[in-house]
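One-letter residues, chain by chain:
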Amino acid sequence: MKTANKINYALVLLPIFLTILGFFDEQFFFYALLSLIPLGIFQVGVAIAYSSKFIKNLHYKLYTYGVMLFFSLAVTSKFWWDYLEPYSGIVYGMPPLLAIYFSIILHDKSKEL
C-alpha cells in the first residue's frame, strides 16, 4: 500500500510539473493532459486490486460510483466529439477530482498500515 501511495504521488506530481512547464512552452500543456491517462489507469487498477480491503469504506464506494458515473457519461453523452454540451465541463472536470479524491483515500489507508 505504501508503494502504491508513492507511485501515486509521482503520477500526480507529473501533470502538475508539466503544467508549470507549459507556461514556458505551450507544448507541455498537451503532455500534462496526456499524463493524466496513466494516472487514471494506475488508480483504477489499484482500486480494483485493493477492492477486497476497501469494500466497506464509504469513500471507496463514492470513488467507485464516481468512476462509473464518468464512464457512463462518457459513453452516453458523446462528449468526446461535442464540446458544446452544457454539462461537458462537469465531465471534463471529473477525472482530476477523482484523481485527487483517490489520492486522499490512498494516503489515509497507507497511514493506517
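In what follows, the structure referred to is the one given above.
In this report, the structure presented in the accompanying data block is examined. (Residues numbered from 1 in each chain as written. Predicted model: local features only at pLDDT ≥ 70, side-chain atom pairs only at ≥ 80, totals over all residues. Heavy atoms only, no water.)

## As for the packing of aromatic side chains
The tally for this structure, following the rule as stated, stands at 5 aromatic pairs. Taking the centre distance of 5.9 Å and the plane angle of 70° together, the rings of F28 and Y31 count as edge-to-face. Of this pair, F28 and Y31 both sit in helix 2 (residues 27-34), separated by 3 residues, roughly a single helical turn. Residue class for Y31 comes out partly exposed when judged on its relative accessible area of 35%. A centroid spacing of 5.1 Å and a plane angle of 70° characterise the contact between F70 and F71, whose relative ring orientation is edge-to-face. Here F70 falls in the buried class, since its relative accessible area comes to 11%. Ring pairing ties together the aromatic residues F28, F30 and Y31, which thus form one cluster. (Phe/Tyr/Trp six-rings, centres within 6.5 Å; stacked < 30°, edge-to-face > 60°. Helix = DSSP H or I, 4+ residues; strand = E, 2+ residues; numbered from the N terminus. Buried < 20%, exposed > 50% of the residue type's maximum accessible area, 1.4 Å probe, protein only.)

## Here's the deal with the nonpolar core
Counting 20 residues, the largest nonpolar core has V46, F54, Y63, F102 and L106 as the members making the most contacts within it. Elements supplying a minimum of two residues to this core: helix 1 (2-22), helix 3 (36-49), helix 5 (58-76) and helix 6 (88-112). Element by element, the count of residues in this core is highest for helix 6, at 6 residues. Setting aside anything within four residues of it in sequence, one finds V46 in contact with A4, F102 and L106. (Core = buried A, V, L, I, M, F, W, Y, C linked by side-chain atoms within 4.5 Å. Contact = heavy atoms within 4.5 Å.)

## Considering helix 5
For helix 5, spanning 19 residues, the distance from its first C-alpha to its last is 27 Å, which sits close to the expected 27 Å at 1.5 Å a residue. Among the residues of helix 5, Y60, Y63, G66, V67, F70, L73 and A74 are the ones counted as buried. For helix 5, the buried positions fall inside an angular range of 160° around the axis, keeping them on one side. Opposite the buried face of helix 5, at more than 90 degrees from it, the exposed residues are L58, Y65, V75 and T76. Put simply, N57 is the residue that caps the front of helix 5, since its side-chain oxygen is 2.9 Å from the backbone nitrogen of H59. (Expected span 1.5 Å × (residues − 1). Arc of directions from axis to C-beta. Polar contact = N/O pair within 3.5 Å; in protein donor to acceptor, adjacent residues only side chain to side chain.)

## Description of a nonpolar patch on the surface
Together, L13, I16, I20, F23, F24 and F29 make up a nonpolar patch on the protein surface, roughly 690 Å² of accessible area in all. Inspection of the secondary structure assignment puts F24 in the loop between helix 1 and helix 2. When its relative accessible area of 72% is taken as the criterion, F24 is described as exposed. (Patch = residues over 30% accessible without salt bridge, like charges linked within 9 Å, V, L, I, M, F, W, Y side chains within 5 Å. Areas by Shrake-Rupley, 256 points an atom, 1.4 Å probe, with all protein chains shown as cover. Salt bridge = Lys/Arg side-chain N within 4 Å of Asp/Glu carboxyl O.)

Any link to function would need more than the numbers given here.
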